[in-house]
Amino acid sequence: MIELEGVPELIDPVMVAAFEGWNDAGDAASTAVAHLEREWKGEVFAALDAEDYYDFQVNRPTVFMDAGVRKITWPTTRLSVVRVGGDKPRDLVLVRGIEPSMRWRSFCNELLGFAHELGVELVVILGALLGDTPHTRPVPVSGVTSDPDLAQRMDLEETKYEGPTGIVGVLQEACTHAGVPAVSLWAAVPHYVSQPPNPKATLALLNRLEDLLDLRIPQGELPEDARAWQVGVDQLAAEDSEVAEYVQTLEEARDTAELPEASGEAIAREFERYLRRRDVSPPGGKPRPPASGGGGKEDEDDAED
């Protein structure tokens, strides 16, 4: 039985999870959840027993000094809660850890036990994968679910993927079988610049999460970091003619594939997002109420979608 002492009654809670490892190209997903914890000052209230799920020869514990005393941090998965303020406050249960080495079904069942005890209404799992996408274009973020009704209601894709999967796919299916609505958001990271960090992909995941949950997420320094990251990759690509040519090929393929999107509904969505971030009313509309959240500085120019 899971006992959660000290955790207040939550308001419309949503669980947001990310795991380091195979599902976390460029550390984009785990960094996104870490950003939420940092910006909203989340405090850890529970942690899974590391010995139940991790091989310490694969994920080594670390030793550190605390006031002259040596201590060990064990690799595990931790849960924290943050409250998003605004006109309609709600709580986020943040799950951040490492993809487990063993006993995945028990791992998922334990997380679902927490979700049940906390009254979680929706589980959103963040992931990042390597793809043939140019670093110069907006990061593609796909939202998928196994629930056809949820897909229609939240404008998501119903997953048709078949093949090897990681803890993101396993946890999503565990939620589905348990009757818990679950969504996965996947950011595509350029495979030719896969080393972490990738703030541009992290920012894209947070923007999509913001739209999905209809709240405002403070961006902090992420927009500036994303611009600096892209400038750095631009410089590296310019120094290698073969890489520059390859990037140009990816750009042309991406632009051709997305040409139909450069009109109508896609433009309207981007304009709505622009207005929402700045609390500006749409033309001819009523004044827009302040969005949920806050606490972080706003960026003057949207660096990433």
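All figures in this text were calculated on a predicted structure; none of them were measured in a lab.

With that out of the way, let us pick up helix α6 (residues 199–213). The end-to-end C-alpha distance of α6, which contains 15 residues, comes to 21 Å, matching closely the 21 Å that a straight helix rising 1.5 Å per residue would cover. Counting buried positions along α6 gives 13 out of 15 residues, so the element sits mostly inside the fold. Just beyond α6, the residue with positive phi is Asp214, at close to 55 degrees.

Let us look at the pairing of strand β3 (residues 62–66). Here β3 runs beside strand β4 (residues 69–73); their pairing, made up of five bridges, is antiparallel. Within the sheet, the bridge partner assigned to Asp66 lies in β4 and is Val69. With antiparallel pairing between neighbouring strands as the criterion, β3 and β4 make up a hairpin whose turn holds two residues, including Ala67 at a positive phi of roughly 55 degrees.

The next point concerns helix α8 (residues 241–257). Taking 1.5 Å as the rise per residue, α8 with 17 residues should run 24 Å; its terminal C-alpha atoms sit 24 Å apart, in good agreement. Along α8, the residues that are buried comprise Val247, Leu250, Glu251 and Arg254. Projected onto a plane normal to the axis of α8, the buried residues spread over an arc of 105 degrees and lie on a single side. In α8, the exposed positions angled more than 90 degrees off the buried face are occupied by Ser241, Glu242, Glu245 and Thr256. Structurally, the start of α8 carries an N-cap: the backbone nitrogen of Glu242 is 3.0 Å from a side-chain oxygen of Asp240.

Glancing now at the side chain of Thr133. Here Thr133 shows up in the loop between β7 (122–131) and β8 (141–145). A distance of 3.2 Å separates a polar atom in the side chain of Thr133 from a polar atom in the side chain of Arg254. For Thr133, the contacting residues outside a window of four places in its chain are Pro140, Ala188, Val189, Pro190, Tyr192, Leu250 and Arg254.

Conventions we followed
Residues numbered from 1 in each chain as written. Predicted model: local features only at pLDDT ≥ 70, side-chain atom pairs only at ≥ 80, totals over all residues. Heavy atoms only, no water. Helix = DSSP H or I, 4+ residues; strand = E, 2+ residues; numbered from the N terminus. Expected span 1.5 Å × (residues − 1). Buried < 20%, exposed > 50% of the residue type's maximum accessible area, 1.4 Å probe, protein only. Pairing = 2+ DSSP bridges. Arc of directions from axis to C-beta. Polar contact = N/O pair within 3.5 Å; in protein donor to acceptor, adjacent residues only side chain to side chain. Contact = heavy atoms within 4.5 Å.

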